[in-house]
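Here is what each chain is made of, one letter per residue.
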Amino acid sequence: MDDFLAARSQMALSLGFHIIFSCIGMVMPFFMAVAHYKWLRGGDETYRNLTKAWSKGVAIFFAVGAVSGTVLSFELGLLWPKFMEHAGPIFGMPFSLEGTAFFIEAIALGFFLYGWGRFHPWFHWFTGVVVGVSGLASGILVVAANAWMNSPSGFDYVNGQYLNVDPVRAMFNDAWLSQALHMTLAAFAATGFAVAGVHALMVLKRRNIHFHFRAFQIAAVFGTVAAVLQPLSGDFSAKDVARRQPAKLAAMEAHFHTEKSAALVLGGLPNEKEQRVDYAIKIPGALSFLAHGNFEQEVTGLDRIPVADRPPVTVPHLAFQLMVGLGMFMMGLALLYFWALWRRPHWLRADWLLKLFVAAIPAGFIAVEAGWTVTEVGRQPWILYGIMRTRDAVTPMPGIAYSFYLFTAVYLSLSLVVIFLLYRQIKMVPELYDRPALVGAA
Amino acid sequence: MQYVVIIYLCLAIWLYLLLGGADFGAGIMELFTRSKNRSAARQTMSHAIGPIWEANHMWLIIAVVILFVGFPRIYGVMSVSLHIPLVVMLLGIIARGTAFVFRHYDAVKDRMQMLYNRIFALSSAVTPFFLGVIAASVLAGYVNPAATDFLTAYVWSWLHWFAVAVGAFTVALCGFLASVYSIGETHNEADKRYFIRKTRTMTIITFLAGALVFVAAGFEGIPLGPWIFGNWVGSSAVGLATLSLGGLFYAVSRGHTVLPRLLAGFQVTMILLAIGYRHFPDFVVLRHGSNLSLLRDQAPAATMQALGWALLLGSIFILPALYYLYYSFQHEAEEVAEGTTIAAVRK
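Residues numbered from 1 in each chain as written. Chains lettered and ligands numbered in written order. Predicted model: local features only at pLDDT ≥ 70, side-chain atom pairs only at ≥ 80, totals over all residues. Heavy atoms only, no water.

- Named according to an unreviewed UniProt entry, chain B is Cytochrome d ubiquinol oxidase subunit II originating from Hymenobacter guriensis.
- Recorded in UniProt under Sequence similarities (unreviewed entry), the annotation for chain B is "Belongs to the cytochrome ubiquinol oxidase subunit 2 family." (UniProt positions renumbered as here; feature names shortened; annotations may be inferred.)

- Going by an unreviewed UniProt entry, chain A carries the name Cytochrome ubiquinol oxidase subunit I and comes from Hymenobacter guriensis.
- Quoted verbatim from the Subcellular location (unreviewed entry) field of UniProt, the annotation for chain A is "Cell membrane".

## Regarding the overall build of chain A
Thought 1: Counting secondary structure elements, chain A contains 16 helices and eight strands.
Thought 2: Against the 2.2 N^0.38 benchmark of 22 Å for 442 residues, chain A shows a C-alpha radius of gyration of 23 Å, consistent with a compact globule.
Thought 3: For chain A, the residues scored as buried account for 58% of the 442 residues in total.
Thought 4: For chain A, the proportion of contacts with a sequence separation of at least 24, taken over those separated by at least 6, is 77%.
Thought 5: A total accessible area of about 17,800 Å² is found for chain A, and carbon and sulfur atoms account for 65% of it.
Thought 6: Across chain A, the 33 positively charged side chains and the 28 negatively charged ones have centroids separated by 11 Å. (Helix = DSSP H or I, 4+ residues; strand = E, 2+ residues; numbered from the N terminus. Rg over C-alpha atoms; globule rule 2.2 N^0.38 Å. Buried < 20%, exposed > 50% of the residue type's maximum accessible area, 1.4 Å probe, protein only. Contact = heavy atoms within 4.5 Å. Areas by Shrake-Rupley, 256 points an atom, 1.4 Å probe, with all protein chains shown as cover. Lys, Arg positive; Asp, Glu negative; His and termini not counted. Charge placed at Lys NZ, Arg CZ, Asp CG, Glu CD.)

## Description of the overall build of chain B
Thought 1: Assigned secondary structure in chain B consists of 13 helices and two strands.
Thought 2: By the burial criterion, 58% of the 347 residues in chain B qualify as buried.
Thought 3: Sequence separation of 24 or more characterises 78% of the internal contacts of chain B that already satisfy a separation of 6 or more.
Thought 4: Surface accessibility of chain B: about 14,800 Å² in total, with carbon and sulfur atoms responsible for 70%.

## A closer look at the interface of chain B and chain A
Thought 1: On the chain A side, the residues contacting the 60 residues of chain B number 59 residues.
Thought 2: For the pair chain B and chain A, the summed buried surface comes to about 5,500 Å²; carbon and sulfur atoms form 81% of the total.
Thought 3: Its largest share of buried area at the contact with chain A, chain B owes to Ile94(B), Phe102(B) and Tyr105(B), together 12% of the area lost on that side.
Thought 4: Seen at the junction of chain B and chain A, the total is two salt bridges.
Thought 5: The partner of Asp110(B) in a salt bridge is Arg424(A), and the shortest N-O contact between them spans 2.4 Å.
Thought 6: Of all the secondary-structure elements, those providing two or more residues to the side of chain B that touches chain A are α3 (53-70), α4 (72-81), α5 (83-105), α6 (112-140), α7 (150-155) and α13 (301-346) of chain B. (Buried area = accessible area lost by both parts, 1.4 Å probe. Salt bridge = Lys/Arg side-chain N within 4 Å of Asp/Glu carboxyl O.)

## Brief notes about the domain arrangement of chain A
Residues and elements named next belong to chain A.
Thought 1: One can read the domain layout of chain A as domain 1 (3-254 + 311-438) and domain 2 (259-299).
Thought 2: Distance from the C-alpha centre of domain 1 to the C-alpha centre of domain 2: 30 Å.
Thought 3: With 12 residues of domain 1 at the contact, the number on the domain 2 side is 16 residues.
Thought 4: Considering only the side of domain 1, the residues that lose the most area to domain 2 are Lys239, Glu253 and Thr314, jointly responsible for 39% of the buried surface there.
Thought 5: Applying the counting rule to domain 1 against domain 2 returns zero salt bridges.
Thought 6: Among the secondary structure elements, those contributing two or more residues to the side of domain 1 that touches domain 2 are α7 (209-244) and α10 (314-342).
Thought 7: Split into classes, the residues belonging to the side of domain 1 that touches domain 2 amount to six nonpolar, three polar and three charged. (Domains from an automatic or database assignment. Nonpolar A, V, L, I, M, F, W, Y, C, P; charged D, E, K, R; others polar.)

## Details of a nonpolar patch on the surface
Thought 1: On the surface, Met1(A), Leu5(A), Tyr402(A) and Tyr405(A) cluster together into a nonpolar patch covering about 470 Å² of accessible area.
Thought 2: For Leu5(A), a relative accessible area of 42% corresponds to the partly exposed category. (Patch = residues over 30% accessible without salt bridge, like charges linked within 9 Å, V, L, I, M, F, W, Y side chains within 5 Å.)

## Structural notes on the state of the cysteines
The term disulfide refers to a covalent linkage connecting the sulfur atoms of a pair of cysteines.
Thought 1: Within this structure, the stated rule accounts for zero disulfides over all chains.
Thought 2: Of the cysteine sulfurs around Cys10(B), a residue in no disulfide, the closest is that of Cys174(B), at 19 Å. (Disulfide = S-S within 2.5 Å.)

## A word on the packing of aromatic side chains
Thought 1: Applying the stated criterion to the full structure yields 49 aromatic pairs over all chains.
Thought 2: An angle of 70° between the planes, with centres 5.2 Å apart, marks the rings of Tyr194(B) and Phe195(B) as edge-to-face. Summarising the burial analysis for this pair, Tyr194(B) and Phe195(B) share the class buried.
Thought 3: Each residue in the set Phe83(A), Phe91(A), Phe95(A), Trp148(A), Phe155(A), Tyr157(A), Tyr162(A), Phe68(B) and Tyr75(B) is aromatic and connected to the rest through ring pairs, giving one cluster.
Thought 4: It is Arg349(A) that lies over the ring of Phe213(A); its NZ or CZ is 3.9 Å from the centre.
Thought 5: When the ring centre of Phe120(B) is taken as origin, the NZ or CZ atom of Arg103(B), which lies over that ring, is 4.4 Å away. (Phe/Tyr/Trp six-rings, centres within 6.5 Å; stacked < 30°, edge-to-face > 60°. Lys NZ or Arg CZ within 6 Å of the ring centre and 35° of its normal.)

## Looking at the pattern of salt bridges
Residue and element names in this part refer to chain A.
Thought 1: Enumeration over the complete set of coordinates arrives at 16 salt bridges over all chains.
Thought 2: Salt-bridge contacts for Arg389 lead to Asp309; the nearest nitrogen and oxygen are separated by 2.6 Å. Here the residue Arg389 occupies a position in strand β8 (residues 388-389), and Asp309 occupies one in the loop between α9 (286-292) and α10, the gap between them amounting to 80 residues.
Thought 3: Taking the relative accessible area as the measure of exposure, Asp309 reaches 18% and is therefore buried.
Thought 4: By sharing partners, the salt bridges in this structure join Asp240, Arg243 and Arg244 into a single network.

## A look at the nonpolar core
Thought 1: Trp54(A), Trp80(A), Phe83(A), Trp148(A), Phe357(A) and Phe71(B) are the most contacted members of the largest nonpolar core, which totals 247 residues.
Thought 2: The element contributing the most residues to this core is helix α2 (residues 45-79) of chain A, with 19 residues.
Thought 3: Residue-level mapping places this core at the junction of two domains, with at least three residues from each of domain 1 (3-254 + 311-438) and domain 2 (259-299) of chain A.
Thought 4: Once residues lying within four places of it in the same chain are set aside, the contact partners of Trp148(A) are Phe83(A), Ala87(A), Ile90(A), Phe91(A), Ser153(A), Phe155(A), Ala170(A), Asn173(A) and Leu384(A).
Thought 5: If you look at the next biggest cluster of nonpolar residues, it comprises nine residues, including Phe256(A), Val265(A), Leu302(A) and Val313(A). (Core = buried A, V, L, I, M, F, W, Y, C linked by side-chain atoms within 4.5 Å.)

## Brief notes about the side chain of Asp297(B)
Residues and elements named next belong to chain B.
Thought 1: Structurally, Asp297 can be placed in the loop between β2 (292-293) and α13.
Thought 2: Residue classification places Asp297 among the buried positions, given a relative accessible area of 14%.
Thought 3: Here the side chain of Asp297 touches Ser293 through a polar contact of 2.8 Å, landing on its backbone nitrogen.
Thought 4: Once residues within four sequence positions are removed from consideration, Asp297 is found in contact with Gly70, Phe71, Arg73, Ile74, Asn291 and Leu292. (Polar contact = N/O pair within 3.5 Å; in protein donor to acceptor, adjacent residues only side chain to side chain.)

## Some details on the environment of Leu40(A)
All names here are of chain A.
Thought 1: Here Leu40 shows up in helix α1 (residues 3-42).
Thought 2: Expressed as a C-alpha distance, the spacing of Leu40 and Phe155, which sit 115 residues apart in the sequence, is 51 Å.
Thought 3: Apart from residues no more than four positions distant in its own chain, Leu40 is found in contact with Pro121, Trp122 and Trp125.

## Brief notes about the environment of Val299(A)
Residue and element names in this part refer to chain A.
Thought 1: Structurally, the position occupied by Val299 is in the loop between α9 and α10.
Thought 2: Val299 sits 50 residues away from Leu249 along the chain, and the two C-alpha atoms are 9.2 Å apart.
Thought 3: Each residue touching Val299, except ones within four places of it in the same chain, is listed here: Leu249, His255, Thr258, Glu259, Ala262, Leu287, Ser288 and His292.

## Concerning the packing of helix α4 (residues 121-150) of chain A against helix α12 (residues 363-379) of chain A
Residue and element names in this part refer to chain A.
Thought 1: Two elements in contact, α4 and α12, have axes separated by 10 Å at closest approach and are oriented at 35°. α12 is crossed by α4, and the crossing has left-handed handedness. Along the contact surface, α4 presents Val143, Asn146, Met149 and Asn150, while α12 presents Trp372, Thr375, Glu376 and Arg379.
Thought 2: When its residues are assigned to classes, the contact of α4 with α12 shows three nonpolar, three polar and two charged. (Axes fitted to C-alpha atoms, helices over the stretch in contact; angles between N-to-C directions. Left-handed = near helix turned anticlockwise from the far one by under 90°.)

Below you can see the structure in the form of structure tokens.
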């Protein structure tokens, strides 16, 4: 494996690993806060048990998210030192604010996890909300930093020099809003569906139905609302990408030739050599409409992009199709769920609906990974769009392949242990939370 | 504003060494505790660091962010030349952080606990050792960004006796901090006496490791003596640290819990000051050419301005919250401790 590819793979692996834990770490606190609120208001002990059970999950995910995030803050330099030397001062603003948000999250989590029975109940509840809000803030800030790589601003690039640096303008670059919105909704949808699905599975297995059904309801509401809103934000993002990064749009849509009333390519296998897409369904004019809001307008194809600046097509295109497909599936399930809530309450306890939610457990997270693949691979060959090439940013140190193998092994075993721990947590629900007499005494 | 940023960088490094150091020390003590005492030690430590351990490690992230935003060239050179020890340190951080949480949150307490404990204790020693190696390499003058062959550029930059000695010294220092800290966290006389003994041993080990650092520096031709004793700040810092050791032993034997912590913190602060004073504003000493300086190798002024404000703004939120976190759980621990002692006396 050559060092450049190894460095890219290691970065992709580290980000792909971290994103799952940070999504869960920033969304679960809100589920927890709702359950906690219901316990404090209504006094139903199931909700207290649920809050405690979820808080253990949050603790595990937060810790793994925190260490993998620490690793990333070093890896930026370990793998891309030349990028960081120039970029650090420009896009550092969101990172320095993120440091604060993350710090507050850690403090609030300390209060929350160890605060049972020590503080005023509503202060304790409030610390849980702070965990969620600051987690969300750090997520948005990190996405703003990534958005700057897609839409560099806040400096003048003159003869290879980065002049007139303005870190605040760099933070509020053109891409930050669409990316932050899309990622926030994605985190809620992915986590909501995954958590709802796990509890739906337990209900189907007829284990502690009371407990798991309440858990399912809270997670499902968050997940479904986000899943319905997500296509709107997706449309906003697509129009934004069409305007700022025509090469990325062309790659993800496998749009090789510039044309008016461009067709939307559904599925298919891009043939990059021959510049065509095999086995695809084409909807005439639809791409023009989605990218620019009317059926006639010209959409820039890859033929307008200099060969040296073209991103790969196959990976972003397939990843994009996967993301959109899963998004549609989740939106459909969400609409079905709303219909059931509104008109068909007996569906809510029907096995087939629960089974659909079980099927959707991984959907959101696969979509998140696919979406980031589109963003990152679609930006290639640039690390800083239009300014610095990824190849020019990589560390001069040879042997990165070994480091990649090492981190692969570490992240793989960590994933296995986390799954093992969650399995044990869920398996222990009856013993830990299902003895009302004992729970009352504790 | 540049001085605000520099002060925060020093603050983050200082607090990470003190708080994160005590935290590492908890695991190090587990590693060097005989098995019959191990579970008592483990419980004390787990109780002591549970609520605050995540927060203690945030200081490292703050320091790294300050480096890459405010001093990108320093961050860049360190990332390239010290790639290998940085990776080992990161693996230590991953292993330690996850093992700590896993052992706490594994719903079933079975033989897996032994594995978590083993990983936690080992990585608690490996991580600060490599932090020490990195700190030593920054000062030793073997970092050579112009080198072209692999060994000179990526291995000899950090693999030398001085770095090994400083690594060992850092591990000892963490153990020392943790043992002093634990005295106040115990709930009965036997445990308390145990940690007092531990503190004495750790002090001696730290002192010896410190002496070893000087020997290694001499061996490598690093003028550590003149650096520290060549100016009045360095010599008086070391002098005060040594003198306060007497105070520490006295306070410990009189059963104080807060005073020894302050004195131990003071000693670590003096060690940092003695090293840092001579070097400021230099941060990385290079093999050839001019050193990387905190005053010269800065980000553009607009960035330093923004970073300074971000840090000041952040502290308004962080410091009171952090203080209240320590206060709440410290207060709690003391109440429990007093409660048990009184109960024991009544029996």
